[in-house]
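# Summary of structural features
These are the residues of each chain, in order.
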Amino acid sequence: MNLSGRSSIPAVCIWLLLSLVVVPLILAGTPAGPWTAAFADDDGGDDDDDDDDDDDGGRPSPSAKGDNSGQDGAAGARSGNRGAEARARRKVAQQNARRGAQIASPRPAFAPEIVVSDLSAQDLSTLVAEGFVPIERRTITTLAVTLDRLAAPRAVSLQAARDRVRQLPSGGDADFNHFYRNSQVTDSQAVASAGTCGHENCAAWDMIGWTESKPGAEACTVTTAIGMIDTGINPDHGILATANLTVLPRLSAEGRSGAVHGTAVASVLVGDPASRVPGLLPGASVLAVDVFSRVAGDERADVVSLVEGLDALAARQIRLYNLSLAGPANSVLSRMLDRLTDETALDAVIVAAAGNGGPTAPPAWPGAHPKVISVTAVDSRGRVFAKAQRGDHIDLAAPGVNLLAATSIRGARAKSGTSFAVPFVTAAAAVLMSGPGPVPGSAVRAKLGASATDLGAPGRDAVFGDGLLSAAALCTKITE
C-alpha cells in the first residue's frame, strides 16, 4: 500500500470535517441583508425616538473559534467551533426574536366583534336568544343614533355573525369593528428649502401658490373652525404655542395614544409663523379630538371611537374636518358620513388621507366615501408618493413628502405620508368656507377640483384625481 496515499487520508478527513463545521458557522453568522431592516421599519411607525439596532448579525468573534495548536489543533478547532456555533446560533436566535418583534404579525384589521347602529330592542332580543352577547351600547347624540357592540355566539364565525345581524330589519349596516390608523409611513431625511419664502416648507407652499401674503393674511381671513380627528396633540409644543387650539377630552378608554402624529399634523396646519414650521393658517381655530389608542404597540382607532369623534365635533357645529387617517370600508362609518355630509343637515366638508397601503391596495376609508375629499401626497417635483393608494375615488394631490413638522415634545423632523397632504386641502377649504354666509359643501368640493393643476394623464385620473391643489384663486372665495 502506498504510504503517502495512506497518510493523506487523515488530512482529507480533517478538511472535510472543518468544511462541515466551519461553513455552516460562517453562513449562520452572516449579517441579515438590508431588506430585513427595511421591512421592519416599513410598518407605519412614527415614534420620534425610534432607534435601530446595529447588530453584527451574530458573527462570532475570532477568539470564539478556538486557538489550540500542535497535534491537538484539529480536536481543539472542532471543540472551539462547536462552542462558537452554539453561541452563534443563540445570538442569531435572539436577534431574530428581536426582529420578529419588530416585524410582528400583520396588524389586525378589526376587533373580534360586530357593530351595528340603531338596532331595535326586538332585534337585539332575537340576537341575544341566539347566543349573541351585548358588549356595549353607546348613544351618538348629535347624529341621533345608537351603536351596539356585539360578540358573536360560540362556534360562529365573525363573518357569519355579521351576515346574520344584517338579515334583521334594523341590522342592515352591521359590520366588523374596523380599525383606522394614521397615514404616516416614513420620517424623511432632509427637507427641501428652496423657494421664495424663508422657511423649510417653502418649496411645498410655492408649488401650490400658497404664499404668506394670501391665505390666512388680513386680506384673506379665515373664520371657519376646523375639526381635527387624530392621535393626541401636545398643545405645549413651542411650534403650537400661539395656536388657537382646543384639545377635547379623550374618547377611548384603551391605552393612551401618543402625541406624535397629531402634533405633527397640527403644526403643518396652525404652527407658529415665527417657528421652523409656520402653519398654513396660523390664526385658524382648531378643535382636536383624540380617538386613538395604543394597544401592544399598535396605534389605532376603532370605528366606534371614530364615529364618536365625528359626533363630538358635530355637536359643536363644526363643518370642516381634517382626517389624516385611513382604514377599511365600513357600513356603519358610511352611514355616519352620509348624515354628516347631508346638504339638508350639517353639510360637512370632510378631507381625508388616501392612505399609504401602496398602489394596489383597495380604496381606504373614510376617503373613499363619495362626498369625502380623498387626498394623495406628492413631492416637490409633483411625483406621487410611492406608497400612496390609488383609485377613482382620489380627488386631489397636495404636498406630503419631505415636509418639516413638529415632533411630539420639542423641535421638528421631516415627515412623509398622505397624512401631511391633508392639512393643505383642509386649509384651502377653510378659506373657501369663510363667508360671507354659509357656503355649500358641494360648492367647496367643486371649486377645489376645478381649480386644481392637472398632473399625470390628461384629466382626472386614479393617481392624482383632479390634480394638484391650487391656492391661486382661493381668496376670491365662492360668491356664486
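Everything in this summary refers to the structure shown in the same document. (Residues numbered from 1 in each chain as written. Predicted model: local features only at pLDDT ≥ 70, side-chain atom pairs only at ≥ 80, totals over all residues. Heavy atoms only, no water.)

Moving on: the packing of helix α7 (residues 260-270) against helix α10 (residues 422-432). Put simply, α7 and α10 touch, their axes get as near as 9 Å, and they point 40° apart. By the angle between their directions, the pair α7 and α10 is classed as oblique. Remark: the crossing between α7 and α10 carries right-handed chirality. Seen from α7, the contacting residues are V265, V268 and L269; seen from α10, they are P423, F424 and A427. (Axes fitted to C-alpha atoms, helices over the stretch in contact; angles between N-to-C directions. Helix = DSSP H or I, 4+ residues; strand = E, 2+ residues; numbered from the N terminus. Parallel < 35°, antiparallel > 145°, perpendicular 65-115°, else oblique. Left-handed = near helix turned anticlockwise from the far one by under 90°. Contact = heavy atoms within 4.5 Å.)

Time to look at the pairing of strand β6 (residues 226-230). In terms of burial, β6 is largely enclosed, as five of its five residues are buried. Side-chain alternation along β6 places I226, M228 and D230 on one buried face and G227 and I229 on a second face that is also buried. With five bridges connecting them, β6 and strand β8 (residues 285-290) associate as parallel partners. Paired with G227 across the strands is L287, a residue of β8. In this sheet, strand β11 (residues 320-323) lies alongside β6 in parallel orientation, the contact comprising four bridges. Paired with I226 across the strands is L320, a residue of β11. (Buried < 20%, exposed > 50% of the residue type's maximum accessible area, 1.4 Å probe, protein only. Pairing = 2+ DSSP bridges.)

We now examine the pattern of salt bridges. Note that side chains of opposite charge can pair when their charged atoms are close. Taken as a whole, this structure holds 22 salt bridges when the rule is applied. One salt bridge in this structure joins R162 and D175, with 3.5 Å as the shortest N-O distance. In this pair, R162 sits in helix α5 (residues 158-166) while D175 sits in strand β4 (residues 175-182), placing the two residues 13 residues apart along the sequence. The same class applies to R162 as to D175, namely buried. Among the charged side chains, a salt-bridge network with shared partners connects E113, E136, R138, R149 and E308. (Salt bridge = Lys/Arg side-chain N within 4 Å of Asp/Glu carboxyl O.)

Now for the nonpolar core. Within soluble globular proteins, side chains that are nonpolar tend to cluster in buried spots. If you look at the biggest cluster of nonpolar residues, it comprises 61 residues, and the most contacted ones within it are W210, L281, F424, V425 and L448. Setting aside anything within four residues of it in sequence, one finds F424 in contact with A204, W205, I208, V268, L280, A398, P399, L403 and L469. Judged by nonpolar contacts, the second largest core, of 36 residues, contains V145, L147, V303 and L325. (Core = buried A, V, L, I, M, F, W, Y, C linked by side-chain atoms within 4.5 Å.)

A separate point is the environment of S293. Turning to its location among the elements, S293 is positioned in strand β9 (residues 293-295). Separated by 43 residues in sequence, S293 and R250 have C-alpha atoms that sit 9.6 Å apart.

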